[in-house]
Amino acid sequence: MSPVVELKEEQPIAFGIQDLNAWYGSFQALKNISMSIPEKRITAIIGPSGCGKSTLIRCLNRINDLIPDFRLEGQIYFKGKEINDPSVDPIEVRLRIGMVFQKPNPFPKSIYDNIAYGPRLIGVKNGSRLDGIVEESLKKAAIWNEVKDSLRKSALALSGGQQQRLCIARTLAVDPEVLLLDEPCSALDPIATGKIEELIYRLKEEYTVAIVTHNMQQAARVSNYTGFLLMGELVEFGPTEKIFTNPADSRTEEYITGRFG
Amino acid sequence: MKLEGMHLQRMLRGQKRSERVFKIVAGGALLFALVALAILIIDVFLDGFRRLDWQFLTSFPSRKPERAGVLSALVGTVYMMGLTALLAFPIGVGAAIYLEEYARKKNWFSRLIEVNIANLAGVPSILYGLLGLELFVRMMGLGRSVLAGALTMALLVLPIVIIASREAIRVVSPAIKEGSFALGASRWQTIWYQVLPIAFPGILTGSILAFSRVIGEAAPMITIGALAFIAFLPDSPLSPFTVLPIQIFNWVSRPQKGFFTCAAAGILILLAVLLMMNAAAVFLRQRYQKRLYL
Ligand SMILES: Nc1ncnc2c1ncn2[C@@H]1O[C@H](COP(=O)(O)OP(=O)(O)O)[C@@H](O)[C@H]1O
Ligand SMILES: [Mg+2]
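Let us now look at the site of ligand 1. Residue and element names in this part refer to chain A. Around ligand 1, the surrounding shell consists of Y24, F27, A29, P48, S49, G50, C51, G52, K53, S54, T55 and I67. Between an oxygen atom of ligand 1 and a main-chain N or O atom of G50, the distance comes to 2.7 Å. The fraction of the free accessible surface of ligand 1 (560 Å²) that becomes covered by protein chains is 62%. Only β2 (27-38) and α1 (53-60) provide two or more residues apiece to the shell around ligand 1. Considering every element that reaches the shell around ligand 1, the biggest residue donor is α1, with 3 residues. Grouping the constituent residues of the shell around ligand 1 by class yields 6 nonpolar, 5 polar and 1 charged.

Another point: a nonpolar patch on the surface. A cluster of nonpolar side chains, namely I42(B), F45(B), L46(B), F49(B) and L52(B), defines an oily patch on the protein surface of about 460 Å² accessible area. Following the sequence through the fold, F45(B) ends up in helix α1 (residues 2-48).

On to the interface of chain B and chain A. Contact with chain B, which involves 22 residues of that partner, is made by 22 residues of chain A. Interface area, chain B with chain A, both sides summed: about 2000 Å², of which 64% is carbon and sulfur. Of all residues in chain B, the largest losses of buried area upon contact with chain A belong to E178(B), A182(B) and L183(B), amounting jointly to 31% of the total for that side. At the junction of chain B with chain A, the criterion picks out 1 salt bridge. The shortest N-O distance in the salt bridge between R58(A) and E178(B) comes to 2.6 Å. Remark: the boundary between chain B and chain A carries 4 residue pairs in polar contact (both at pLDDT 80 or more). Those elements that place two or more of their residues in the side of chain B that touches chain A are α7 (174-182), α8 (187-216) and α11 (257-293) of chain B. Here the element with the most residues in the side of chain B that touches chain A is α7(B); it accounts for 7 residues. When grouped by side-chain class, the residues that make up the side of chain B that touches chain A number 11 nonpolar, 7 polar and 4 charged.

A word on α7(B). Considered for burial, the residues of α7(B) that qualify are I176(B), K177(B), G179(B), S180(B), F181(B) and A182(B). A positive phi of about 90 degrees marks G184(B), the residue just after α7(B).

Attention shifts here to the confidence of the model for chain A. For residues with low pLDDT, the predicted coordinates do not support detailed interpretation. Within chain A, residue pLDDT values average 92, and 95% of them lie at 70 or more. The secondary-structure element of chain A with the lowest mean pLDDT is helix α8 (residues 216-222) of chain A, recorded at 90, while α1(A) shows the highest, at 97.

This part takes up the packing of aromatic side chains. Taken as a whole, this structure holds 10 aromatic pairs over all chains when the rule is applied. Chaining the aromatic ring pairs together yields one cluster made of F107(A), Y117(A) and Y193(B). Directly above the ring of F107(A) sits R170(A), whose terminal nitrogen or CZ lies 4.0 Å from the centroid. One residue, R254(B), lies across the ring of F259(B), its end atom 4.3 Å from the ring centre.

For the rest of this paragraph, the subject is the side chain of T208(A). Residue and element names in this part refer to chain A. The topology assignment puts T208 in strand β8 (residues 208-212). Within the structure, T208 has its side chain in polar contact with the backbone nitrogen of K40 (distance 3.1 Å). Not counting residues within four places of it along the chain, the set of residues in contact with T208 comprises A14, I37, P38, E39, K40, R41, E177, V178 and L179.

Residue and element names in this part refer to chain B. Along its sequence, chain B is carved into domain 1 (2-51) and domain 2 (56-293). Spacing between the C-alpha centres of domain 1 and domain 2 amounts to 33 Å. Across the boundary between the two partners, domain 1 contributes 7 residues, which contact 13 residues of domain 2. Here domain 1 meets domain 2 over a buried area of about 750 Å², counting both sides, of which 73% is carbon and sulfur. When residues of domain 1 are sorted by the area they lose upon contact with domain 2, V44, D47 and R51 head the list and together hold 75% of the total. The tally of links between domain 1 and domain 2 comes to 0 salt bridges. Remark: the boundary between domain 1 and domain 2 carries 3 residue pairs in polar contact (both at pLDDT 80 or more). Looking at the side of domain 1 that touches domain 2 residue by residue, the class counts come to 4 nonpolar, 1 polar and 2 charged.

Take the pairing of strand β9 (residues 225-230) of chain A next. Residue and element names in this part refer to chain A. Within β9, 6 of the 6 residues are buried, which leaves it mostly tucked inside the rest of the structure. Residues Y225, G227 and L229 of β9 are buried on one face, and the alternating residues T226, F228 and L230, pointing to the opposite face, are buried as well. In terms of strand pairing, strand β3 (residues 42-46) meets β9 through 4 bridges, oriented parallel. Bridge pairing links T43 to Y225 in β9. Bridge count between β9 and strand β10 (residues 233-239): 6 bridges; the pairing is antiparallel. From the neighbouring strand, L229 faces β10, where its bridge partner is L234. Counting the residues between successive antiparallel strands, the hairpin from β9 to β10 contains 2 residues, one of them, M231, with a positive phi of roughly 45 degrees.

Parameters at a glance
- Residues numbered from 1 in each chain as written.
- Chains lettered and ligands numbered in written order.
- Predicted model: local features only at pLDDT ≥ 70, side-chain atom pairs only at ≥ 80, totals over all residues.
- Heavy atoms only, no water.
- Near = heavy atom within 4 Å.
- Polar contact = N/O pair within 3.5 Å; in protein donor to acceptor, adjacent residues only side chain to side chain.
- Areas by Shrake-Rupley, 256 points an atom, 1.4 Å probe, with all protein chains shown as cover.
- Helix = DSSP H or I, 4+ residues; strand = E, 2+ residues; numbered from the N terminus.
- Nonpolar A, V, L, I, M, F, W, Y, C, P; charged D, E, K, R; others polar.
- Patch = residues over 30% accessible without salt bridge, like charges linked within 9 Å, V, L, I, M, F, W, Y side chains within 5 Å.
- Salt bridge = Lys/Arg side-chain N within 4 Å of Asp/Glu carboxyl O.
- Contact = heavy atoms within 4.5 Å.
- Buried area = accessible area lost by both parts, 1.4 Å probe.
- Buried < 20%, exposed > 50% of the residue type's maximum accessible area, 1.4 Å probe, protein only.
- pLDDT = per-residue confidence, 0-100.
- Phe/Tyr/Trp six-rings, centres within 6.5 Å; stacked < 30°, edge-to-face > 60°.
- Lys NZ or Arg CZ within 6 Å of the ring centre and 35° of its normal.
- Domains from an automatic or database assignment.
- Pairing = 2+ DSSP bridges.

Rendered as structure tokens:
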């Protein structure tokens, strides 16, 4: 594979996306997207609602395979391997590439069982090992102190912000290499949002992060790279400070200065 | 402005009036239904409760009303219902899972199945009886056995079980399913660990209510020829049997006054079985919901 968009620094590439087109039925949601997502950096996808941000990151872990009339063309390389290749198991893709959704979606089970769900699926049965994974994941997601005494309580009793951190912890529990976050804060209040942003910022030490947001301040605050999508097209992609201070395309400038969207 | 305000007020007042009228009509209808039901039950109760004793519960049918009992019919009903549930529950839930979770691309085949299930649920039960007679009793050579009865009843309730289960499965939020898939779960794992536990109370309630319909059905049982005079208990799925509605039907059609009392007592037992099943449905639903959410 070849990196399609030159990155400023010599950072290994996690995802190389080439000529990606995607359809829901006959509606084309993504048009000729080519971009690279670097490893252990935070890449933000911004753009107005309905422009295809979710569609784009949902292609990266093949979760859109589950939508009956969804179809895509083009290549998505992850660490050099095409993830839609028939030889690739979508389950392995989803294990290596975790995803957190817009609305917190804890399972109607206990906090413990939410975190242990993924590890149990891949066959971790040993109780003390599960305990360890649960504790470690909750600590990484900065929620351990709040829930350590109520692990057996229902996850549905947590607040929205806590639920979203629980969902992040649940994703970390299967030890992925990438975290895809689809507007993880849009259902949360500013304080909860702040906590999650802080958490995301720390997570890039260990993980490749791609975050969709329609909040430009958020993109500017947390990300290293930013891509701007408009009506299914990638208008511009580059280092965040360049996109926000000196965009190459006039549409990008209009968007980030708030003239539309 | 002022005019509009008055107009609005008048409109609101009109709405309030029609709401009150609707309340009275609906309440009256409910009251009427309840009173009719109460009269029916009280009447049966007064006729039958003196006959409700241990002897009645533990005796076989007899030519003499005072020695007759409901044992073989009660055991036959429970036996047949158990077999019916054993047959229809897994098949019905399986079909519902298939339709909701696997056959999600709508094509002519899945549409055909859907329309047929909806129609089958409305077919008069006597037709199922005729089908059972031809298919199970004659062609498969099962005779007038509990098994033939249970198979017939399973066909009868299958559409209801499927519809109820599909409703329950459809309630499970797509976000939960996506969360499961995103953690590397297969479709089957997602169904088993997420969809079914959440849908189970609904599936169970719907199915139990469907099976309680089996208890009251007389027509298909008459058609396949369950006998009224059975002086032994079914010892295998292939033995002949009788069920409560048939026994009651038989007693009602006798001239002696004593048998009439027997019929009333039999109806009370039928009602008791129904009530217990509905109570079980409510109980199980409560229990599972508690376990899920706290
Ligand atoms: N499951 C779907 N079926 C049909 N159309 C969809 C589906 N999901 C999204 N779309 C359409 O695709 C376009 C892009 O959607 P999406 O990627 O969710 O946008 P964004 O996340 O940027 O708001 C929208 O026009 C939306 O209506
Ligand atoms: Mg979106």
